[in-house]
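In case you want the letters, here they are:
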Amino acid sequence: MKVLVEGIEQGAIEIELGLLPRLGESIQVFYGPDAEVEGVVEGVHHVINQHDGGHKIILKIKPTF
């Protein structure tokens, strides 16, 4: 499923996930050859549009350094 990751310095990035992380879990995302972000999940937001069958997931993280 496509997930939009927000709360990072770079703005937001879209990634493909098989499972959604839970609140409080740590995640590490590699989104380029030398680009990665690591953080703690602060929120998982689902936007569901019943009329067109759309489902959008927004994952809010707090970066850890």
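Use the structure listed above.
Note that this is a predicted model, so its numbers are computed, not measured. (Residues numbered from 1 in each chain as written. Predicted model: local features only at pLDDT ≥ 70, side-chain atom pairs only at ≥ 80, totals over all residues. Heavy atoms only, no water.)

Caption draft 1: The nonpolar core, seen in detail. In this structure, V3, V5, I8, I13, I15, I27, V29, V37, V41, I57, L59 and I61 together form the largest nonpolar core, which totals twelve residues. At the level of elements, β1 (2-8), β2 (11-16), β3 (26-32), β4 (35-49) and β5 (54-63) are the ones that each hand at least two residues to this core. In this view, I61 contacts V5, E6, G7, I8, I27, V37, G39, V40, V41 and E42; residues no more than four positions away in its chain are not counted. (Core = buried A, V, L, I, M, F, W, Y, C linked by side-chain atoms within 4.5 Å. Buried < 20%, exposed > 50% of the residue type's maximum accessible area, 1.4 Å probe, protein only. Helix = DSSP H or I, 4+ residues; strand = E, 2+ residues; numbered from the N terminus. Contact = heavy atoms within 4.5 Å.)

Caption draft 2: Region of the structure containing the pairing of β1. Relative to β2, β1 is paired through six bridges, and the arrangement is antiparallel. Across the sheet, residue V5 finds its bridge partner in β2, namely I13. Two successive antiparallel strands, β1 and β2, enclose a turn made up of two residues. Pairing of β1 with β5 involves four bridges; the strand directions are parallel. Across the sheet, the residue bridging to V3 is I57, located in β5. (Pairing = 2+ DSSP bridges.)

Caption draft 3: The arrangement of the sheet that holds β4 in detail. Strand order in this open sheet of five strands is β2-β1-β5-β4-β3, and the pairing throughout is mixed. The strands lining the two open edges of the sheet, one partner per strand, are β2 and β3. Sheet twist, expressed as the mean angle between neighbouring strand axes with direction ignored, is 45°. Here six bridges tie β3 to β4, and the two strands are oriented antiparallel to one another. Of the residues in β4, the one forming a bridge with I27 is G39. (Axes fitted to C-alpha atoms, helices over the stretch in contact; angles between N-to-C directions.)

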